[in-house]
Amino acid sequence: MSTLFSVNLNKLALIRNSRGTDYPNLLYFAQKLIDLGVKGFTVHPRPDERHIRYQDVYDISEYLKDYKDIEFNIEGNPNEQFLKLIREVKPHQCTLVPDSEDQLTSDHGFDIIKHSDMLSKLSHELEAFGTRCAVFIDPDIEQIKAVIDSDVQTIEMYTEEWARAYSDDNNDGDFAAVKQRFSDCINLASENGMRVNAGHDLNLDNLADLLSLGDIAEVSIGHAFTIESLEQGMDNVVRQYLQICG
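All values reported here derive from a predicted model rather than from experimental measurement. (Residues numbered from 1 in each chain as written. Predicted model: local features only at pLDDT ≥ 70, side-chain atom pairs only at ≥ 80, totals over all residues. Heavy atoms only, no water.)

### Here we look at the packing of aromatic side chains
If you walk through the whole model with that rule in mind, you get 10 aromatic pairs. Taken together, the aromatic side chains of Trp162, Tyr166, Phe175 and Phe182 make up a single cluster linked through ring pairs. It is Lys90 that lies over the ring of Phe129; its NZ or CZ is 5.3 Å from the centre. (Phe/Tyr/Trp six-rings, centres within 6.5 Å; stacked < 30°, edge-to-face > 60°. Lys NZ or Arg CZ within 6 Å of the ring centre and 35° of its normal.)

### Observations regarding the sheet that holds strand β6 (residues 154–158)
The strands that make up a sheet pair up through hydrogen bonds in the backbone, lying either parallel or antiparallel. Here we have eight strands rolled up into a closed barrel, ordered β1-β2-β3-β4-β5-β6-β7-β8, and parallel in their pairing. Pairs of neighbouring strands in the sheet enclose a mean axial angle of 25°, with direction left out of account. As paired elements, strand β7 (residues 195–199) and strand β8 (residues 218–221) share three bridges and run parallel to each other. Looking at β8, one finds that Asn197 is bridged to Glu218. Along the sheet, helix α3 (residues 54–63) makes contact with β2 (40–43) and β3 (71–76), crossing β3 at roughly 165°. (Pairing = 2+ DSSP bridges. Helix = DSSP H or I, 4+ residues; strand = E, 2+ residues; numbered from the N terminus. Axes fitted to C-alpha atoms, helices over the stretch in contact; angles between N-to-C directions. Contact = heavy atoms within 4.5 Å.)

### Considering the side chain of Glu218
Turning to its location among the elements, Glu218 is positioned in strand β8. A relative accessible area of 2% places Glu218 in the buried class. (Buried < 20%, exposed > 50% of the residue type's maximum accessible area, 1.4 Å probe, protein only.)

### Let's talk about the environment of Cys245
As for its position among the elements, Cys245 is in helix α12 (residues 234–245). Relative accessible area serves as the criterion here: at 3%, Cys245 is assigned to the buried category. In this structure the C-alpha to C-alpha distance between Cys245 and Leu211, which are 34 residues apart in sequence, comes to 7.8 Å. The residues touching Cys245, leaving out its near neighbours within four places in the chain, are Ser2, Thr3, Phe5, Leu207, Leu211 and Val219.

### Considerations on the packing of α3 against helix α4 (residues 80–89)
Helix packing for two helices is described by the angle between their axes and how far apart those axes are. Where α3 meets α4, the axes come as close as 11 Å, and the angle between the chain directions of the two elements is 15°. By the angle class used here, α3 and α4 are roughly parallel. Two packed elements cross with a definite hand, and for α3 against α4 that hand is right-handed. Contact residues: α3 offers Tyr54, Val57, Tyr58 and Ser61, while α4 offers Gln81, Leu85, Glu88 and Val89. Tallied by class, the residues present in the contact of α3 with α4 amount to five nonpolar, two polar and one charged. (Parallel < 35°, antiparallel > 145°, perpendicular 65-115°, else oblique. Left-handed = near helix turned anticlockwise from the far one by under 90°. Nonpolar A, V, L, I, M, F, W, Y, C, P; charged D, E, K, R; others polar.)

### Some words on the layout of surface pockets
Its boundaries defined by the atoms lining it, the second largest pocket holds a volume of some 150 Å³. In terms of lining, the second largest pocket is formed by Ser61, Leu64, Lys65, Tyr67, Lys68, Phe72, Val89, Lys90, Pro91 and His92. The class makeup of the residues in the lining of the second largest pocket is five nonpolar, two polar and three charged. (1 Å grid on protein atoms, 1.4 Å probe; cavity = no way out; pocket = protein on both sides within 12 Å on 5 of 7 lines; lining within 4 Å. Points joined across faces, edges and corners; volume = space filled by probe spheres on them.)

### Considerations on the side chain of Thr226
Positionally, Thr226 belongs in helix α11 (residues 223–232). Taking the relative accessible area as the measure of exposure, Thr226 reaches 15% and is therefore buried. If near-sequence neighbours (up to four positions away) are discounted, Thr226 is found in contact with Lys11 and Ile15.

### What about the pattern of salt bridges?
One pass over the full model with this rule turns up 14 salt bridges. Here Glu80 ties to Arg87 by a salt bridge, and the two come within 3.8 Å at their closest N and O atoms. Assessed through its relative accessible area of 58%, Glu80 is described here as exposed. Assessed through its relative accessible area of 31%, Arg87 is described here as partly exposed. The shortest N-O distance in the salt bridge between Arg181 and Glu161 comes to 2.6 Å. One end of the pair, Arg181, is in helix α9 (residues 175–191); the other, Glu161, is in helix α7 (residues 160–167), with 20 residues separating them in the sequence. Relative accessible area serves as the criterion here: at 30%, Arg181 is assigned to the partly exposed category. A single salt-bridge network, built from bridges that share partners, covers Glu71, Arg132, Arg195 and Glu218. (Salt bridge = Lys/Arg side-chain N within 4 Å of Asp/Glu carboxyl O.)

### Overview of the environment of Gln232
Assignment of secondary structure puts Gln232 in helix α11. Only 3.4 Å separates the side chain of Gln232 from the side chain of Asn236, close enough to count as a polar contact. Side-chain polar atoms of Gln232 contact the side chain of Gln240, separated by 2.8 Å. (Polar contact = N/O pair within 3.5 Å; in protein donor to acceptor, adjacent residues only side chain to side chain.)

Next up, the structure:
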């Protein structure tokens, strides 16, 4: 099974915003990445618009109308402002993330047990107008069981713990336990007909081993992708990711 590689454009937007200009231009780099073979883009607008701005979302969505085979995934906390954006843009996928307004970056998944009714309702609404609804969750087997019992069809596995344990493998020795838990969660979800995505702190070093655990439909990568592109060149980095995901 191949995995869709979705480039998160947030860090490019952050660099742009730091100078108050339109350089780097997001649509220019979207086109460059499409030409290199990328088939998906992710953005995560936040209320303070410190990286992706709401207008960026409309601009990227309009630009991608000429590319029917490119997936557009919008992540965010399902407040009224965010949901208004989703209802207007109708992206291919919307990933619901429990961020607070002042949160630096995503650092936990939804508690499906607690919020099952709300997430099931939103999933029904988004699916009705053609947007796949994914829910960001922690790699916890009880959360997976709760998702199976809900009406949510797609999850994105929060992989920060995977990345941390992978980099510390030779130091603290807990990677085997983390790997087993991720494997159990991915495979239980897949066996029950769920689409499994993954994201957060994935990179060229730790991605292949994660994908070997089971059927992962999509990964979104932005922070590491931007740094690796500075180190190795964007063309080279895209080729490596596409090879791993293929």
